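Chain by chain, the residues:
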Amino acid sequence: MGSQYYNTPAYQWYLRGDADGLRPPRMPAFKTDHEGRIALAVGELFCRVSEDDGNTLCRDRRKFSSVAALKRHIREAHQLEPVKGISGRMTNREDELTAQYWKDIYDVSNGFAAEREPDPPRRAGNLIPIPFNIASDGTKIPDIIAMKANVRLAADGQCTSCAT
């Protein structure tokens, strides 16, 4: 079974690009995480980096051949680091969330929704940051109590944050 997001009209609109095959107009800028890294969603092929709070996007409007090529461009042209993605096959839920993300991008770009970048699905690697405590020698120690507080647990102790 192929990806649901890939075959949606919204993602196909994105892949086609503008009439000239370049980045569609009026797209929102990429979001960044708490460390200023670029959050990419599955399937991103156009650069949407903004260096002026979303008023203008990257001058390079071409479609990159792969996500790896886009990441290389972001590192070299903008001196920014993309959030590390998660490798492996998407779950059905992740695929559904990615399809919704591309529909939201389509809606924002075409004026059907408020002008803001939707949150990339978790698959993009935009995970909850790991809280750390700093030991007296300067080493980082994961704060397990704070990490547990970030995870929703059902009454039976099972994690409800993860997509299944």
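Structure first, text after, so check above.
Residues numbered from 1 in each chain as written. Predicted model: local features only at pLDDT ≥ 70, side-chain atom pairs only at ≥ 80, totals over all residues. Heavy atoms only, no water.

Q: Got a minute to help me understand helix 1 (residues 9-16) in this structure?
A: Residue pairs three or four apart in sequence face the same way in an α-helix, which turns once every 3.6 residues. If you check which residues of helix 1 are buried, you get A10, Y11, W13, Y14 and L15. The inward-facing, buried residues of helix 1 abut helix 3 (92-109). (Buried < 20%, exposed > 50% of the residue type's maximum accessible area, 1.4 Å probe, protein only. Helix = DSSP H or I, 4+ residues; strand = E, 2+ residues; numbered from the N terminus. Contact = heavy atoms within 4.5 Å.)

Q: When you look at unusual backbone geometry in this model, what are you seeing that I'm missing?
A: Residues apart from glycine generally show negative phi values, whereas peptide bonds are mostly found in trans. Not every positive phi belongs to a glycine, and R26 is a case in point at roughly 60°. Mapped onto the fold, R26 is located in the loop between helix 1 and helix 2 (67-78). Judged by its relative accessible area of 59%, R26 falls in the exposed class. The phi dihedral of Q79 falls on the positive side, at around 55°, and the residue is not glycine. With respect to the secondary-structure elements, Q79 resides in the loop between helix 2 and helix 3.

Q: Would you explain the packing of aromatic side chains in this entry?
A: To describe a pair of aromatic rings, one takes the distance between the centres and the angle between the planes. Evaluation of the coordinates by the stated rule reveals 10 aromatic pairs. Ring centres of Y14 and W102 lie 4.3 Å apart, and the angle between their planes is 40°; on these two criteria the pair is classed as tilted. Remark: W102 occurs in helix 3 and Y14 occurs in helix 1; sequence separation between them is 88 residues. One exposure class covers both Y14 and W102, and it is buried. Both rings, one in Y106 and one in F112, keep their centres 6.1 Å apart while their planes meet at 40°; by these two values the pair is tilted. Classification of Y106 by relative accessible area gives partly exposed; the value is 27%. Owing to a relative accessible area of 58%, F112 belongs among the exposed residues under this scheme. Put simply, the rings of Y5, Y6, Y11, Y14, F46, Y101 and W102 pair up and form one aromatic cluster. (Phe/Tyr/Trp six-rings, centres within 6.5 Å; stacked < 30°, edge-to-face > 60°.)

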